[in-house]
Amino acid sequence: MFTLKQVVKQSIQTSMKNGVMSSTVKRSFSTVGGINQPKSRKELSESFLDGTSSTYVEDMFANWVKDPKSVHPSWASFFESSERGVPAGEAFMSPPTLGTSTATKATPSTYSPSGSPKQVSDSMRLLLLVRAYQVRGHALANLDPLGLEVKEEPAELNPAKYGFTEADMDKPIFVGEDLISGFLTNKQPETTLRQILKRLKETYCGDIGIEYMHIQDREMCDWIRDKFETSQPIEIPDKEKIKILERLSWADQFEGFLGLKYRATRRFGLDGCESLIPGMKAMIDSATEDGVESIVLGMPHRGRLNVLANVVRKPLPAIFNEFNGGVISIEGEYSATGDVKYHLGTSYDRVTSSGKKVHLSLVANPSHLEAVNPLVEGKVRAKQHYSNDTEQKKSMAIQLHGDASVSGQGVVYETLHLSNLDNYSTGGTIHIVVNNQIGFTTNPKCSRSSKYCTDVAKTIDIPVFHVNGDNVEAVVKVCKIAAEWRQKFKRDVFVDIVCYRKHGHNETDQPKFTQPIMYDKIGKQQPIIEKYSNKLITDKVITQEQYLQMKNIIHESYEKGYQDGMKHVPNAEDWLESRWEGFKSPIELGNPGRTGINQDLLQKIGQVLYTEPKGFEVHSTIKRLLKEKKDMFDKEAGFDWATAEALAFGSLLLEGNHVRLSGQDVERGTFSHRHAVWHDQKTDQTYAPLTQLATALGKKDAAQFVASNSSLSEFAVLGFELGYSLENPDALILWEAQFGDFSNGAQVIIDQFISSGEQKWMRQSGLTMLLPHGYDGAGPEHSSCRIERYLQLCDSDPNKIPPKEEAERKQSQHCNMQVLNCSTPVNYFHALRRQVHRDFRKPLVIATPKYLLRYEKSFSTAKEFSNDSFTRLYPEAFPDQINKPEKINRVVFCTGQVYYNLIASRESNNIKDVAIIRIEQLHPFPFDLVAEQLKHYPNAKAIWCQEEPMNMGYWNYIYPYFISTFKHINRPTDITYTGRPSSASPAVASHTLHKLQLENFLSHALTGQVGSK
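Residues numbered from 1 in each chain as written. Predicted model: local features only at pLDDT ≥ 70, side-chain atom pairs only at ≥ 80, totals over all residues. Heavy atoms only, no water.

> Before we move on, can you summarise the overall build of the protein with the specific residues and values?
Along its length, the protein carries 36 helices and 24 strands. In the protein, 79% of the contacts between residues at least 6 apart in sequence involve partners at least 24 apart. Carbon and sulfur atoms provide 50% of the accessible area of the protein, an area that totals close to 40,900 Å². (Helix = DSSP H or I, 4+ residues; strand = E, 2+ residues; numbered from the N terminus. Contact = heavy atoms within 4.5 Å. Areas by Shrake-Rupley, 256 points an atom, 1.4 Å probe, with all protein chains shown as cover.)

Have a look at this one:
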C-alpha cells in the first residue's frame, strides 16, 4: 500500500547517496522519521520548505482515501497510481499549486527503473523551488521605479537551498508530460532548471509581484495562476497601446496644465503616479463589460482632481471654476462654507470606450485619510438594495489609499472586516494603493512594521498585485485582472502601484528636508510619459507626429475648459442625485409632516408583533413578553419603548419606507428589550415579526426591514450606515451604540461627516443615532453618551430667535442636526416617523433611555400614537396637583429620565410650588415653547436640572439660549444650575455616592436647599 513516507524516504536516500541534498532539504522532510526542528515564524508562514510540506501531502492522502474528489485531480491520479503499485517516479503528479485544472494520467517513465529514485528526488526538489517562487517571488520583483530598495534574495528562492548546483542548470529533469504547468515546460515531459528559473522570474519577479498563496480557497489560487502563469507573455495589441498612451497623456498634461496656471496653489497632484489613470479607466471598462452599472469611489486628496477630470469626467469648466475661486454654493443663502477642491465629491454618468454607460460617484471626504472607506461601502450596499442587485454584480466600490494611511489607519481593517458579513458585504471592493513610498515626511520603516503597506489584506484572504508604477502596461494588466477577480469571486482585491511623489506633501512643500536621497533620484527620474511615448515611437506603434498631434488636442481641451471655467455657474444637479429630487434645501420652506397613525393600523401591526409563528419554539421569557404586549393592545395602554419603536418601524415599512437598524447586539437590544429577531430554541432558526407585515397585512409594496448585529466596530459601522443613508432619503437608517459612550470610537465620522457634511458638501442625510444614556449608578462607563459633544457641534445661533410662526419649520431646516432626549415612548415613536415624513433630511441624535425601558410610569397610551406630531416640549404634566401658575415659586426645566426622579421627589415631599417642564428637543432649541412656559409662571425662579456633572450634559449648551429667551420676553435673567458637580469622570463608581448626589441635587432643584446626608 502507498505511503508518503516510502516515496520521501526513497527520494532522500537517493539524494544523500549522490550528495546533492542540502541539509535544509533534509530538514524539510524531517516529519517522516524524526522530530521537527524549531522554525522561525517566517519559515512557518511563508516557506514551503519545512516539515509542514509532507504533513500537507499526508493530509491530502487521508482526504483522498475518504473521498477521491476532495483533492486536486493530479494528486488523485498520483495516489491512485501508487495504490496500484506504479513506481513512484511514474506515479508522481504535480501538486495542486502547480498542476492543470483537469486530471492528467501518470506518464510512464522513459528512464530505466534504476533511475526512478533520482527522478523522484529531482522532481520533488524542483517542485519545491517552483512553490517557493509562487509564495515568495514577489520579494524579488522589480517594483520600485526609483530603485532605492536594496533587495536580498530570500534563501528559499536560491536553487542551492534544494541541493541544485550550477552543473544541474541544463540537465534534463523528468516532470512528465503536462505534470508541471505548461508555462514552465511548454508541455514537455522534460525540462531544465535554467528554463524553469527563467520563466519563474519572468512571471513572479518582473514588474509585477503577486501575493496570493495565503488564500485558502484552491479555486481562487488556480484562477490567479491561470492569469499569470501563461505559456508566453501576452502581447498587447497596438491599438490598445495607443489608447493607454492617450489616457496617460491626459493624466500627465492635466498636472502640467494646473502647474502652469496655478503655480502657488496646492492641488495634491498625481505627478509620479500618472499610470493610475489608464489603470483605473481600464479597470472600469473591464468591470462595465462584465455587468457593472454603478461604481462608488472613495479616495484621499492626492490625485483626486486628476481622477475627477479624467476618470469620473467631471466637466473641466467646473474644476477650473473651483480653482478660480468659484463659489460652490448654489441657492442664495444656502451657501454653506464649502470645502477645498481636493475634498469635493461628484456624480456623473460616463460612457466607456465600448459604448456602455456606467454611473460614477466620488464620495466627498475630509483630510482624515481612510475615514471615507466605510461610507463608500455603505453607499454601494444601499445601491444594491434599492436596485435589487442580489448577486452584487451591478454596483461595486473602488477605494484608493495612500501607502502610509492604508497600513496606519485602523478604520482600514475595520472596514475590510465587514466585507464578508451578510448585511454589510458589497460583493468585493477593488483597492488601489498609490504607493508613494512615503507618508507626509515619514519613511516606511517608521510608519509600518510589515514589509508591505498592504499586508492587512492577508487577514481576510485578499490577493495583492504589486506593480511598478512606471510600467503603465503592467498597471493596466493588473487593474483589468482585479476587475475580473471582483466580478467572478465577489471578493476584495488590492492593487499596489509602487510609484513616487514628484513634489513634497503638496506642491509648495520642500521634501528634501527629510528625504534628500529620494528626491535627488526623483529629480533625475525620466517621466513615465516620456518613457512610454519613446517606447511606442521606437516600436513604430505610433509616429512622433501622431504623438505631438495627440498632445496638442489634449492641451487645447484643457485650455478651453480653463476659459469656460471663468464664466461657469455651478448647477444643483451636479450635487444632488436623482433619488433626492423634490427634497428641500434649507432656504425652501419644508413640510414637517404628520406622524400619527390611526388606531386600526396600530392594532393590525400589534397583532403581527405579538403573534407566535406556528412550529417555532420561542424562548419562555419572550413568550411572557408577547403576552404582555398583547395586553397593551387589548387595554390600549402601557405601551413600552420597544413596542413604540416597533410601531414606528412597522408603520413606515407599510408606507414603503425601508428601515435598517444596525449596531452591536441590536437584534435583541443591549438591555434585552427589543427582541426584533427571535431564535427558535431547538433549531436556532430566526424569525423577525416586522418582516412578516407585508404578508400578514397584504401589502405587497411594503419595504424591507433589516435588523443586523454588527461587528464590534463603531468607526466603520457608523460610517457604513451614514453612507447607506446618503443613497436614498425614503428610508429610516439607524445606528445604535451598544452603550452611548461607545460612540466616541466613531468621533471622526461624527465630527467630519455627520455634523458638517451638509455645510461642506451639500449632502443631506437622515441618519439616526440611538445612544443609550442615563445615570443609574453603573459607574463611569456606560452612564453618559457624552451628549455635550453633540450639542457643541450644533450650529444654531443662541442670539437669533426666529419668528414664532416659523420657529419649528425654519429652525429645523437651517440647523445642521437634531438632538433629542425623549421622556416617553410615544414621543420616541413620533421622532422616528418625523425623520422620514419631512421633505428634508437632517441627522438625528437621540439619547435613548435605559431604566425607563421598563419604567411603567413612562409608558404611553394607544391614543397618543394618533397625535399629529412630535412634541418638542412637555409642559407641567400634573397642573391640578400643584399651585396655580402665579403661585409657583420655581419652574424646573429638565430633559430625559431625570424628570421622573424630580416627579417622584416632588410627590414624596408634597411640594406644591414647583412646576416641572421637559424639553424633549434640545437642538434646534424650542425658543417659542420655553418662552411660553416662562410667561406662564411669571413669579417663578427658573432652574435647570440635570443628572450629569455641571461641565457635561446640557448646562453649558442651554444657558445662552435661556439668556436670549429671557431678553426676548423682557424678563430679568434668572436661571440656576442644579445637578452633579463638575467632574473629570462622567459618573462616580460608588452606588452609595451616586444616590447621595441624586438626593442632593433633587433637593436643590425643588427647594433650593441641598439635602441632608
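Moving on from the coordinates now.
> An account of the sheet that holds strand β17 (residues 818-820) is needed here, citing residue identities and associated values.
Read across the open sheet, the 7 strands follow the order β14-β11-β15-β16-β18-β17-β22; overall the sheet is mixed. Edge positions in the sheet fall to β14 (705-709) and β22 (921-923), since each of these pairs with one other strand and no more. Strand after strand, the sheet turns through a mean of 20° between neighbouring axes, direction not considered. Across 3 bridges, β17 lies against strand β18 (residues 844-848) in parallel orientation. Each bridged residue has a counterpart across the sheet, and for valine 819 the counterpart in β18 is valine 845. (Pairing = 2+ DSSP bridges. Axes fitted to C-alpha atoms, helices over the stretch in contact; angles between N-to-C directions.)

> Residues and numbers for the environment of histidine 368, please.
By the element assignment, histidine 368 lies in the loop between β6 (357-362) and α15 (373-386). Owing to a relative accessible area of 35%, histidine 368 belongs among the partly exposed residues under this scheme. Separated by 37 residues in the primary sequence, histidine 368 and serine 405 have C-alpha atoms spaced 9.5 Å apart. Not counting chain neighbours up to four residues away, the residues in contact with histidine 368 comprise Val748 and Gln752. (Buried < 20%, exposed > 50% of the residue type's maximum accessible area, 1.4 Å probe, protein only.)

> Describe the side chain of glutamate 377, listing the residues and the values that go with them.
Note that glutamate 377 resides in helix α15. Among buried charged residues, glutamate 377 stands out as having no salt bridge; its nearest opposite-charge side chain is arginine 486, 7.7 Å away. In terms of polar contacts, glutamate 377 uses its side chain to reach the side chain of threonine 426, at 2.8 Å. Not counting the four nearest positions on each side in its chain, glutamate 377 is found in contact with Ala397, Gln399, Thr415, Thr426, Thr429 and Phe720. (Lys, Arg positive; Asp, Glu negative; His and termini not counted. Salt bridge = Lys/Arg side-chain N within 4 Å of Asp/Glu carboxyl O. Polar contact = N/O pair within 3.5 Å; in protein donor to acceptor, adjacent residues only side chain to side chain.)

> Tell me about the sheet that holds strand β8 (residues 429-435), and name the residues and values.
Read from one edge of the open sheet, 8 strands run β3-β9-β10-β8-β7-β4-β6-β5, paired in mixed fashion. Here the strands that pair on one side only, and so sit at the sheet edges, are β3 (208-211) and β5 (346-351). Strand-to-strand twist of the sheet, defined as the mean angle between neighbouring strand axes without regard to direction, takes the value 20°. Bridge count between strand β7 (residues 395-402) and β8: 6 bridges; the pairing is parallel. Across the sheet, the residue bridging to leucine 400 is isoleucine 432, located in β8. Sitting on the sheet, helix α19 (residues 472-489) touches β3, β7, β8, β9 (464-468) and β10 (493-498), and the angle it makes with β9 is about 165°.

> Account for the nonpolar core, with residues named and values stated.
Nonpolar side chains in soluble globular proteins tend to end up buried together. By size, the foremost hydrophobic cluster in this structure holds 100 residues, and its most contacted members are Leu276 and Ile398. Ranked by residues supplied to this core, first place goes to α19 with 11 residues. Those residues within four positions of leucine 276 in sequence are excluded, and the remaining contacts are Leu270, Val307, Leu400, Ile432, Val434 and Ile497. Residues Leu718, Phe753, Ile787 and Leu873 belong to the second largest nonpolar core, which totals 73 residues. (Core = buried A, V, L, I, M, F, W, Y, C linked by side-chain atoms within 4.5 Å.)

> Give a detailed account of the packing of aromatic side chains, specifying residues and quantitative values.
Tallied over the entire structure, the rule returns 38 aromatic pairs. Ring geometry for phenylalanine 633 against phenylalanine 639: centres 5.0 Å apart, planes inclined by 85°, an arrangement best described as edge-to-face. Phenylalanine 639 sits in the buried class, given a relative accessible area of 0%. Measuring from centroid to centroid gives 6.1 Å for tryptophan 641 and tyrosine 828, while their planes differ by 40°, and the two rings are tilted. Taken together, the positions of tryptophan 641 in helix α25 (residues 641-654) and tyrosine 828 in helix α32 (residues 825-837) put the pair 187 residues apart, joining distant regions of the chain. Look at tyrosine 828 and you get buried, because its relative accessible area is 4%. Seen from the ring of tyrosine 562, lysine 261 lies directly overhead, with NZ or CZ sitting 4.6 Å from the centre. (Phe/Tyr/Trp six-rings, centres within 6.5 Å; stacked < 30°, edge-to-face > 60°. Lys NZ or Arg CZ within 6 Å of the ring centre and 35° of its normal.)

> Describe helix α13 (residues 304-312), naming the residues involved and giving the relevant values.
Counting buried positions over the 9 residues of α13 gives 9, a clear majority of the element. If you check which residues of α13 are buried, you get Arg304, Leu305, Asn306, Val307, Leu308, Ala309, Asn310, Val311 and Val312.

> Give me helix α9 (residues 193-204): which residues, what numbers.
Taking 1.5 Å of rise per residue, the 12 residues of α9 would be expected to cover 16 Å, and the 16 Å separating its terminal C-alpha atoms lies within 8% of that figure. Buried within α9 are the following residues: Leu193, Ile196, Leu197, Arg199, Leu200, Thr203 and Tyr204. (Expected span 1.5 Å × (residues − 1).)

> Explain the pattern of salt bridges to me, and be specific about the residues and the numbers.
A full pass over the atoms with the stated rule returns 44 salt bridges. A salt bridge links arginine 194 to aspartate 170, with the nearest nitrogen and oxygen atoms 2.8 Å apart. Within this pair, whereas arginine 194 is found in helix α9, its partner aspartate 170 is found in the loop between α7 (116-136) and β1 (172-174), the two being separated by 24 residues in sequence. Residue arginine 194 is classed as partly exposed on the basis of its relative accessible area, which comes to 37%. In this structure, the salt-bridge partner of glutamate 202 is lysine 198, at a minimum N-O distance of 2.7 Å. Taken as a pair, glutamate 202 and lysine 198 lie in helix α9 at a separation of 4 residues, close to a single helical turn. Assessed through its relative accessible area of 39%, glutamate 202 is described here as partly exposed.

> Give me unusual backbone geometry: which residues, what numbers.
Omega for the peptide link from histidine 923 to proline 924 comes to -5°, which places this bond in the cis form. By secondary structure assignment, the location of proline 924 is in the loop between β22 and α34 (927-936). Of note in the backbone geometry, glutamine 437 takes a positive phi value of approximately 65° without being a glycine. One non-glycine residue with positive phi stands out, namely arginine 786, at about 60°. The exposure class assigned to arginine 786 is buried, which follows from its relative accessible area of 19%.

> How would you summarise the packing of helix α33 (residues 898-908) against helix α36 (residues 991-1007) if you had to cite specific residues and measurements?
Two elements in contact, α33 and α36, have axes separated by 10 Å at closest approach and are oriented at 70°. Classified by the angle their axes make, α33 and α36 are roughly perpendicular. Here Val898, Asn901, Leu902, Ser905 and Arg906 of α33 come into contact with α36, specifically with Leu998, Phe1001, Leu1002, Ala1005 and Leu1006. Among the residues making up the contact of α33 with α36, the classes are represented as 7 nonpolar, 2 polar and 1 charged. (Parallel < 35°, antiparallel > 145°, perpendicular 65-115°, else oblique. Nonpolar A, V, L, I, M, F, W, Y, C, P; charged D, E, K, R; others polar.)

> Can you explain the confidence of the model for the protein? Please cite residues and give values.
The predicted coordinates should not be examined in detail at positions where pLDDT is low. In the predicted model, the protein carries a mean pLDDT of 87, and the fraction of residues at 70 or more is 86%. When the criterion is pLDDT under 50, residues 1-54 qualifies, and its contacts beyond four places in sequence or with other chains add up to 88 contacts. Counted against residues more than four places away or in other chains, residues 330-336, with its pLDDT under 50, gives 22 contacts. (pLDDT = per-residue confidence, 0-100.)

> Requested: an account of the pairing of strand β11 (residues 658-663), with residues and values cited.
For β11, the tally of buried residues reaches 6 of 6 residues, placing the bulk of the element in the interior. A two-sided burial pattern is seen for β11, the buried positions comprising His658, Arg660 and Ser662 on one face and Val659, Leu661 and Gly663 on the other. As defined by bridge partners, β11 adjoins strand β15 (residues 731-736) across 6 bridges and the pair is classed as parallel. Opposite valine 659, over in β15, you have leucine 732 as the bridge partner. Sheet topology note: the β11/β14 ladder contains 5 bridges and is parallel. Opposite arginine 660, over in β14, you have valine 706 as the bridge partner.

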